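# Fold and geometry: a report
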Amino acid sequence: MPYDLGATARLTAGCRDPGGILTTAGTAAVTVTLPDGTLAAPAATETATVGQYQADYVTTVPGRHTVRWVWADPDHAYTDSFDVREDAPPTVLSLQDAKNLLRKENAADDALVRFWLEGTTAAVEYFVGPVVVRTVSEDHQVGLVRSLALRRTPALSLTSVTALRTGAAGYDLSGLHLDPVTGAVTRLDGGRLLGPLQVVYRAGRPVVRANILAASQLILQHLWRTVSGPGRPQRGVDDYDVTEPIPGLGYAIPNRAVQLMNPDDQGPGLA
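In this convention, every chain numbers its residues from 1, walking through the sequence in written order. Per-residue local features are limited, in this predicted model, to residues with pLDDT of at least 70; the limit for side-chain atom pairs, both in listing and counting, is 80 or more; totals at the level of whole chains, interfaces and linings are taken over all residues. The side-chain numbers reported here are obtained from all heavy atoms of the structure, hydrogens and water having been left aside.

### Focus on the overall build of the protein
A run of H or I in DSSP becomes a helix once it reaches four residues, and a run of E becomes a strand once it reaches two; helices and strands are each numbered from the N terminus. Helix and strand counts for the protein come out as 4 helices and 15 strands. Between buried and exposed lies partly exposed: a residue is buried under 20% and exposed over 50% of the maximum accessible area for its type, with that area taken using a 1.4 Å probe on protein chains only. Taken over 271 residues, the protein has a buried fraction of 32%. Contact criterion: two residues are considered in contact whenever any of their non-hydrogen atoms come within 4.5 Å of each other. Of the contacts made within the protein by residues no fewer than 6 positions apart, 67% connect residues no fewer than 24 positions apart. In these tables, accessible area is a Shrake-Rupley quantity obtained with a 1.4 Å probe, and a residue counts as shielded only by the protein chains included in the view. A total accessible area of about 14,600 Å² is found for the protein, and carbon and sulfur atoms account for 52% of it.

Below is the structure:
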């Protein structure tokens, strides 16, 4: 499961001799390659189990990290990876609400519940656009246009509109109008916008409608059952058997959840 940004990732691996037996090495080194390509080298120590090594690394940036273990005497190597969440990953339901829904009281289940909750959020936003309010930054490679269409709606407010070309001027927000539904940005004086431009804005829903919350619950329950249930139901049972796969999502989303999102549906992939 992904680590939270700033959490300590405990890295473990075993040194094995050519016969595959765990053994103490003469030297052990571990290198962590961060998403930006920089390297970190936390100290590697042998645990109480012969040949089993560990290293603690405090995460500093979100994204995929690669871990490379190298031992000498005997010579052995091992490569692994782990993920780090962004500092505020969006979730359409709180962890406690998700646990209550899934009837999971044990904290040991939290990591798996959070994982599928984040997946559920991405699926919901695939249909209805941003639900969790967040800051979005977009580059728009446009020329001279009457309006500029933001890619994520509902769009709540503009933060900045700056020029991407050296020497070009950006725009004072007081002279711009934002349509929150369509995401269209226009000049109040009727003039044209000259790009390319970088637009930073806030998008999402300060109040989440009940139909979106209900759809989120159905999707989370459905996905949880596929990985944690006693077994995959036979065809013809419940939502595992859908007559029409949903474009881009196949059988991951129950039809009743899609129908609940219909009033807010922006078309797949617009989130």
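### Things to note about the packing of aromatic side chains
How two aromatic rings sit relative to each other is set out by the distance from centre to centre and by the angle between their planes. Each pair of aromatic rings taken from Phe, Tyr and Trp, with Trp reduced to its six-membered ring, is defined by centres within 6.5 Å and is described as stacked if the planes are under 30 degrees apart, edge-to-face if over 60, and tilted in the remaining cases. The final tally for this structure, using the stated rule, is 6 aromatic pairs. Their ring planes at 85° and their centres at 5.6 Å tell us that Tyr3 and Phe82 sit as a pair that is edge-to-face. Taken together, the residues Tyr3 in the segment before strand 1 (8-14) and Phe82 in strand 7 (residues 76-84) connect sequence positions 79 residues apart. The exposure class assigned to Tyr3 is partly exposed, which follows from its relative accessible area of 25%. You can call Phe82 buried: its relative accessible area is 8%. Between Tyr53 and Trp71 the ring centres are 6.0 Å apart and the planes differ by 55°, which places this aromatic pair in the tilted class. Residue Tyr53 is located in strand 5 (residues 52-58), and its partner Trp71 is located in strand 6 (residues 63-72); the two are separated by 18 residues in the primary sequence.

### Brief notes about helix 2 (residues 110-128)
Given a helix with a known number of residues, its expected span is that number minus one, times 1.5 Å. An ideal rise of 1.5 Å per residue puts 27 Å on 19 residues; helix 2 measures up with 26 Å between its terminal C-alpha atoms. Listed as buried for helix 2 are Asp110, Val113, Trp116, Leu117, Thr120, Thr121, Ala123, Val124, Glu125, Phe127 and Val128. Phi turns positive, to about 80°, at Gly129, one or two residues after helix 2.

### Some remarks on the sheet that holds strand 4 (residues 45-46)
Adjacent strands of a sheet pair through backbone hydrogen bonds, lying either parallel or antiparallel. A pair of strands is treated as paired once DSSP finds two or more bridges between them. The 3 strands are arranged 1-5-4 in an open sheet whose pairing can be described as antiparallel. Strands with a single pairing partner mark the edges of an open sheet, and in this sheet they are strand 1 and strand 4. Looking at chain direction, strand 1 and strand 5 are connected through 7 bridges and run antiparallel. Bridge pairing links Arg10 to Asp56 in strand 5.

### Some details on the layout of surface pockets
Here a cavity denotes a set of grid points, spaced 1 Å apart and computed over the protein atoms alone, in which a 1.4 Å probe fits but from which it cannot get out, and a pocket denotes an open set meeting protein on both sides within 12 Å along at least five of seven lines; residues with an atom within 4 Å of a point are reported as lining. Grid points are joined across faces, edges and corners, and a volume is the space filled by probe spheres set on the points. If you add up the space inside the largest pocket, you get close to 320 Å³. Glu86, Ala88, Pro89, Pro90 and Arg134 are the residues nearest the centre of the largest pocket, which is lined by 13 residues in total. Sort the elements by how many residues they give to the lining of the largest pocket and helix 2 lands first, with 4 residues. Note on residue classes: Ala, Val, Leu, Ile, Met, Phe, Trp, Tyr, Cys and Pro are nonpolar, Asp, Glu, Lys and Arg are charged, and everything else, Gly too, is polar. Residue composition of the lining of the largest pocket, grouped by class: 7 nonpolar, 1 polar and 5 charged.

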